[in-house]
There are 2 protein chains.
Amino acid sequence: MISELSFTEENYLKAIYHLSAEGKENVNTNSLAESMSTTPASANDMVKRLAQKNLIGYQKYKGATLLSKGKKVALTIVRKHRLWEVFLVEKLGFKWDEVHEIAEQLEHIKSPSLIKRLDKFLGYPTMDPHGDPIPNEDGVMKETVRASISDVKVGSNGIVVAVNNDDTLLLQHLDSMGIKLGSRIHVADRMDFDGSVSVTIDEGPKQFISKAVAENLMITLTEKK
Amino acid sequence: MISELSFTEENYLKAIYHLSAEGKENVNTNSLAESMSTTPASANDMVKRLAQKNLIGYQKYKGATLLSKGKKVALTIVRKHRLWEVFLVEKLGFKWDEVHEIAEQLEHIKSPSLIKRLDKFLGYPTMDPHGDPIPNEDGVMKETVRASISDVKVGSNGIVVAVNNDDTLLLQHLDSMGIKLGSRIHVADRMDFDGSVSVTIDEGPKQFISKAVAENLMITLTEKK
DNA sequence: ATATTTTTTTAGAGTAATCTAAAAATAAAT
DNA sequence: ATTTATTTTTAGATTACTCTAAAAAAATAT
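Just so you know, these numbers come straight off a predicted model, no measurement behind them. (Residues numbered from 1 in each chain as written. Chains lettered and ligands numbered in written order. Predicted model: local features only at pLDDT ≥ 70, side-chain atom pairs only at ≥ 80, totals over all residues.)

Another point: the overall build of chain A. When you go through chain A residue by residue, the secondary structure sums to eight helices and eight strands. Relative to its full complement of 225 residues, chain A shows a buried share of 29%. The long-range fraction of contacts in chain A, counting pairs at least 24 apart against all pairs at least 6 apart in sequence, stands at 57%. (Helix = DSSP H or I, 4+ residues; strand = E, 2+ residues; numbered from the N terminus. Buried ≥ 20, exposed ≤ 12 C-beta atoms within 10 Å, placed from the backbone. Contact = placed C-beta atoms within 7 Å.)

Okay, the interface of chain A and chain B next. Taken together, the 14 residues of chain A in the interface contact 14 residues of chain B. When contributions to the side of chain A that touches chain B are tallied by element, the ones reaching two or more residues are helix H5 (100–106) and helix H6 (112–121) of chain A. Looking at the side of chain A that touches chain B, its residues break down into eight nonpolar, three polar and three charged. (Nonpolar A, V, L, I, M, F, W, Y, C, P; charged D, E, K, R; others polar.)

Around DNA strand C lies a shell of 20 residues, among which Asn-28 and Asn-30 of chain A together with Ser-6, Ala-41 and Ser-42 of chain B are the nearest. Contributing elements (two or more residues each) for the surface near DNA strand C: helix H2 (29–35) and helix H3 (40–52) of chain A together with helix H1 (7–21) and helix H3 (40–52) of chain B. Counting residues per element, the surface near DNA strand C draws most heavily on H3 of chain B, at five residues. (Near = placed C-beta within 6 Å.)

Counting residues in each nonpolar core, the largest one holds 60 residues, and the members touching the most others are Leu-88 and Ile-149 of chain A together with Leu-88, Ile-149, Leu-217 and Ile-219 of chain B. In terms of residues, this core owes the most to one element, helix H4 (residues 68–91) of chain B, which gives six residues. For Ile-149 of chain B, the contacting residues outside a window of four places in its chain are Ile-185, Val-187, Val-197, Val-199, Ala-214, Leu-217 and Ile-219 of chain B. (Core = buried A, V, L, I, M, F, W, Y, C linked by C-beta atoms within 7 Å.)

With that settled, the discussion passes to the pairing of strand E5 (residues 184–190) of chain A. Residue and element names in this part refer to chain A. Sheet topology note: the strand E4 (residues 157–163)/E5 ladder contains three bridges and is antiparallel. Looking across to E5, one finds that Gly-158 is bridged to Ile-185. Pairing between E5 and strand E6 (residues 197–201): five bridges, direction antiparallel. When the sheet's bridge partners are listed, Ile-185 is paired in E6 with Ile-201. Linkage of E5 to E6, two consecutive antiparallel strands, is achieved through a turn of six residues, within which Gly-195 is found at a positive phi near 70 degrees. (Pairing = 2+ DSSP bridges.)

Turning our eyes to something else, we now look at the sheet that holds strand E8 (residues 217–222) of chain A. Residue and element names in this part refer to chain A. The antiparallel open sheet is built from six strands, whose spatial order is E3-E8-E4-E5-E6-E7. Either end of the sheet is taken by a strand with one partner, and the two such strands are strand E3 (146–148) and strand E7 (206–209). Direction aside, neighbouring strands of the sheet carry axes that sit 45 degrees apart on average. (Axes fitted to C-alpha atoms, helices over the stretch in contact; angles between N-to-C directions.)

Let us now look at the environment of Asp-175 of chain A. All names here are of chain A. Note on placement: Asp-175 falls in helix H7 (residues 168–176). With 10 C-beta atoms packed within 10 Å, Asp-175 lands in the exposed category. In sequence terms Asp-175 and Ile-159 are 16 residues apart; their C-alpha atoms lie 15 Å from each other.

Time to look at unusual backbone geometry. One non-glycine residue, Tyr-124 of chain A, lies in positive phi territory at about 50 degrees. Within the secondary structure, Tyr-124 of chain A is located in the loop between H6 and E3. Given 10 C-beta atoms within 10 Å, Tyr-124 of chain A falls into the exposed group. At Ser-37 of chain B, a residue that is not glycine, the phi angle is positive and equals roughly 50 degrees. Position of Ser-37 of chain B among the secondary structure elements: in the loop between helix H2 (29–35) and H3.

If you check the shell around DNA strand D, you find 20 residues, and the closest are Ser-6, Ala-41 and Ser-42 of chain A together with Asn-28 and Asn-30 of chain B. Among the secondary structure elements, those contributing two or more residues to the surface near DNA strand D are helix H1 (7–21) and H3 of chain A together with H2 and H3 of chain B. Considering every element that reaches the surface near DNA strand D, the biggest residue donor is H3 of chain A, with five residues. Taken together, the residues of the surface near DNA strand D sort by class into six nonpolar, 10 polar and four charged.

Once that is clear, we can look at the environment of Glu-85 of chain A. Residues and elements named next belong to chain A. The residue Glu-85 is located in helix H4 (residues 68–91) in this model. Along the backbone, Glu-85 and Trp-96 are 11 residues apart, and their C-alpha atoms lie at a distance of 7.9 Å. Excluding residues that lie within four positions of it along the chain, Glu-85 makes contacts with Val-99, Ala-103, Asp-128 and Pro-129.

The next point concerns the environment of Gln-59 of chain A. Mapped onto the secondary structure, Gln-59 of chain A falls in strand E1 (residues 56–59). Separated by 18 residues in the primary sequence, Gln-59 of chain A and Ala-41 of chain A place their C-alpha atoms 15 Å from one another.

On to the packing of H1 of chain B against H4 of chain B. All names here are of chain B. Running from N to C, H1 and H4 cross one another at 95 degrees; their axes reach a closest spacing of 9 Å. The orientation of H1 relative to H4 falls into the category roughly perpendicular. Across the interface between the two elements, Glu-10, Leu-13, Lys-14 and Tyr-17 of H1 pack against Gly-70, Lys-71, Val-73, Ala-74, Ile-77 and Val-78 of H4. A class-by-class count of the residues in the contact of H1 with H4 yields six nonpolar, one polar and three charged. (Parallel < 35°, antiparallel > 145°, perpendicular 65-115°, else oblique.)

Right, here's the structure in full:
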């Protein structure tokens with residue numbers, strides 16, 4: 001049985017999960033400390049504690065990796081975080097960029113039946129408002145396909161997750177079209193002769209996007225609008 | 001400014017609030033300790049800490065009382081607890097006897113905008129699923145006049161707002177009779193010899209309720225059915 | 001290959017909340 | 001008015017988590 005973990009322990013496991021998802025096999029003390037906004041000494045203490053509990057693997061000077069038990073915990077936290085974010089945006093009307101802090105608190109509520117019912121209430125979503133996938137009860141998540149809207153098939157739906165360009169003019173242009181991170185996009189048509197794309201944004205009217213803009217607009221594909 | 005309180009501090013304030021609502025002007029160490037399932041020594045330590053922070057008044061051997069700051073905190077916790085209970089029952093489909101523990105966790109989530117939006121989402125309820133009033137943002141609650149159906153006059157109508165007993169058997173019995181919070185009850189008759197009561201529930205057929213059950217069934221009186 | 005820098009770990013201490021056991025104050029009983 | 005019982009408070013220790021400062025190991029530079 002997995003003994004009750006503290007909020008702090010859960011947060012460390014989540015941080016190790018996110019850091020090792022970003023490539024690095026072993027999570028080193030310094031980056032873990034930075035990610036947790038604490039000192040390397042504290043991170044080191046906690047790493048030793050989590051290793052003691054068989055949640056992570058750890059050898060001196062070699063960094064930490066999640067063991068199966070720890071990974072399960074981390075994925076449960078991620079699942080809860082993302083489900084709550086969906087709730088906050090879809091049901092309570094928060095903007096997608098206002099929900100992170102609140103979800104950071106809600107993710108630690110301990111009640112499996114609550115999460116089961118919340119999941120059902122939300123219609124079993126597979127993606128959070130930022131376009132990140134929601135792990136299922138077994139920790140499995142749908143691999144998200146990320147592509148620019150000049151590459152996806154006509155008829156595709158997706159959520160804007162990135163803009164591949166820092167050009168102020170481009171950002172202003174997107175802003176004036178009402179396109180921002182989290183916007184739901186439907187690709188209605190694409191003109192072969194100039195590569196421009198016709199889309200609807202958040203169920204609004206059809207708008208045209210030039211090839212140059214379309215190439216820089218990244219979405220993750222969703223089944224339905 | 002009110003510095004961030006720990007969950008424990010919030011729980012103590014809530015306990016002092018509930019205990020002083022039950023009559024006693026000053027909450028004594030022993031009953032506070034019992035209510036918090038801890039030792040008198042711990043309760044005493046915490047009382048000193050809360051007094052230091054000007055949340056409660058306290059003199060050695062004289063017990064504790066909420067000061068205005070502490071009362072405000074306590075009422076906010078109670079408000080959050082009861083709003084979350086409404087959410088769990090009305091939106092997620094929990095039974096009203098399953099929600100207390102989860103609400104005990106949710107009540108500590110810190111986000112005023114979350115509670116504002118939740119309140120709106122729920123339609124600004126004034127009562128929780130147990131029939132207890134929900135304080136508004138200023139800590140004011142609608143005082144409800146309640147009585148058990150063994151005390152009200154024959155011919156009275158009312159709405160079930162509480163069951164004065166946590167016994168699972170009683171709750172199951174009420175459930176099987178179709179009696180739940182919010183049920184409209186008409187007291188058709190009362191038998192003097194055994195104190196049993198004849199009622200209709202939600203305009204249904206007449207049913208008998210034993211004295212023991214009737215005593216625990218609390219309603220608020222309404223003019224007409 | 002040695003010196004320097006960076007990273008990681010240890011040592012020692014602080015805080016919030018908890019406990020047990022014992023002392024002090026108050027309340028109740030004779 | 002003492003004695004007895006109860007309640008409340010103190011004293012001292014424990015646990016989880018945190019920190020600063022310094023030592024040790026590893027990585028990098030010369």
